[in-house]
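# Overview (structure and organization)
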Amino acid sequence: MTLIREMSSGSEFVGFYLLREFEVKQTNGTPAKDYFDIVLCDASGQLPAKYWDVSPAEKSLFAPMGLVKVQGVVQLYREKLQIKINRIRLAVDQDGVAIADFIKSAPIAAVDLVRTIERTASEISDMELRGLVEYCLSKVGDKLSHYPAAKTHHHNYYSGLAYHTVRMLEIGEFICRQRPFLNADLLRAGILLHDIAKTEELTASLGIVSEYSLQGRLIGHIALASTWVTEAALKLGIPADSPKVVALQHLILSHHNLGEWGSPVQPQTAEAIALHFIDSLDAKLQMAEDALSALPEGESWTPMIRGLENKAIYRTSF
């Protein structure tokens, strides 16, 4: 079977893939005709696909997160790869394929990532900050083990949120050793909670986001997480306007830095500045790593990456 990352323009293939996204649309012609607008994926990557010859019976057969067998050809459309599907059917038990085999996941086991997060929370020496963090972590339950960190931009796969958090903790530990004037407990708490409400903002299954929740659309993960800190303070008997609560909320509220990126305030403490750049560094390097790892052999430039200001990334080979 041809992996997504091995596909190149002009190649024909037959194989099993996951319908990451699926929608029935209509052409602009007269009369309008139905077609499938699809994103096919496997553990190596994903590509958009079109199936033009849709019969009325086929429209009710397929749904997102289903496994399918596809015969198609890879084409170049607006300088990007796209699959033209010639034949498609649902996978059946006799095919011997399982959804788990087609899901991209973090390179570290989920159980190890969660263990690192829980251990870090338990090692926060400030009892009040530790209590706030552990309360918020308890709200997400087992979602922490499998949720992605985003729908499209970065760490958008199984255990992506936990992986992003652990990588940020590693960067944070280095920075705190290099810059001991920083409040390490506060920075750790901010890293652990900055994206924690993604588990409520996004509706996801097997690391794939299907949509934003109502809370995600109307409130967003930044405001949700800040509200959770207030809730935790009230439950633990900590004044909601205490300096620690306000400082932690400031880290959460400012970690996107700008209003147009979702933050109502800009970083105004040293720890908030550190959190913003740690988050940005890990997210952007992951975008580059994922794009380069999906690049077919023999190609030097990735497609344009929206999260990197629509720049393509060059693969150095020396």
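Residues numbered from 1 in each chain as written. Predicted model: local features only at pLDDT ≥ 70, side-chain atom pairs only at ≥ 80, totals over all residues. Heavy atoms only, no water.

For the chain, the name recorded in an unreviewed UniProt entry is HD domain-containing protein, with Cohnella hashimotonis as its organism.

What follows deals with helix α9 (residues 243-254). For α9, spanning 12 residues, the distance from its first C-alpha to its last is 16 Å, which sits close to the expected 16 Å at 1.5 Å a residue. Along α9, the positions that sit buried rather than exposed are Val245, Leu248, Gln249, His250, Leu251, Ile252 and Ser254. (Helix = DSSP H or I, 4+ residues; strand = E, 2+ residues; numbered from the N terminus. Expected span 1.5 Å × (residues − 1). Buried < 20%, exposed > 50% of the residue type's maximum accessible area, 1.4 Å probe, protein only.)

As recorded in UniProt, the feature "domain: HD" (unreviewed entry) lies at residues 161-284. As a span, residues 161-284 carries 65% helix and 7% strand, and end to end its C-alpha atoms are 14 Å apart. (UniProt positions renumbered as here; feature names shortened; annotations may be inferred.)

With that out of the way, let us pick up the packing of aromatic side chains. By the definition in use, this model includes seven aromatic pairs. When the centroid spacing of 6.3 Å and the interplanar angle of 45° are considered together, the rings of phenylalanine 22 and phenylalanine 62 count as tilted. Here the residue phenylalanine 22 occupies a position in strand β1 (residues 12-26), and phenylalanine 62 occupies one in the loop between β3 (45-51) and β4 (67-77), the gap between them amounting to 40 residues. Looking at phenylalanine 22, the relative accessible area reads 15%, which means it is buried. Linked through ring pairs, Phe22, Phe36, Tyr51 and Phe62 together constitute an aromatic cluster. Lying across the ring of tryptophan 228, lysine 139 places its NZ or CZ 5.2 Å from the centre. (Phe/Tyr/Trp six-rings, centres within 6.5 Å; stacked < 30°, edge-to-face > 60°. Lys NZ or Arg CZ within 6 Å of the ring centre and 35° of its normal.)

Right, let's talk about the environment of glutamine 94 for a bit. Following the sequence through the fold, glutamine 94 ends up in the loop between β5 (80-90) and α1 (110-122). According to the relative accessible area criterion, glutamine 94 is exposed, its value standing at 71%. Sequence-wise, glutamine 94 and glycine 172 are 78 residues apart; in three dimensions their C-alpha atoms are separated by 49 Å.

Moving on, we get to the state of the cysteines. For the structure shown, the criterion picks out zero disulfides. No disulfide involves cysteine 176; its nearest neighbouring cysteine sulfur is the one of cysteine 136, lying 20 Å away. Residue classification places cysteine 176 among the buried residues on the basis of a relative accessible area of 13%. (Disulfide = S-S within 2.5 Å.)

Our next topic: the packing of helix α5 (residues 184-193) against α9. At their nearest, the axes of α5 and α9 sit 9 Å apart, and the two run at 45° to each other. The angle between α5 and α9 places the two elements in the oblique class. Handedness of the α5/α9 crossing: right-handed. Facing Leu186, Leu187, Ala189, Gly190 and Leu193 of α5, the residues of α9 in contact are Ala247, Leu248, Leu251 and Ile252. (Axes fitted to C-alpha atoms, helices over the stretch in contact; angles between N-to-C directions. Parallel < 35°, antiparallel > 145°, perpendicular 65-115°, else oblique. Left-handed = near helix turned anticlockwise from the far one by under 90°. Contact = heavy atoms within 4.5 Å.)

Now for unusual backbone geometry. In this chain, threonine 30 is followed by proline 31 through a cis amide linkage whose omega measures 0°. Relative to the helices and strands, proline 31 is located in the loop between β1 and β2 (34-42). Positive phi outside glycine occurs at glutamate 309, with the angle close to 55°. Here glutamate 309 is to be found in the segment after α10 (270-293). The class of glutamate 309 is exposed, set by a relative accessible area of 51%. One non-glycine residue, asparagine 310, lies in positive phi territory at about 60°.

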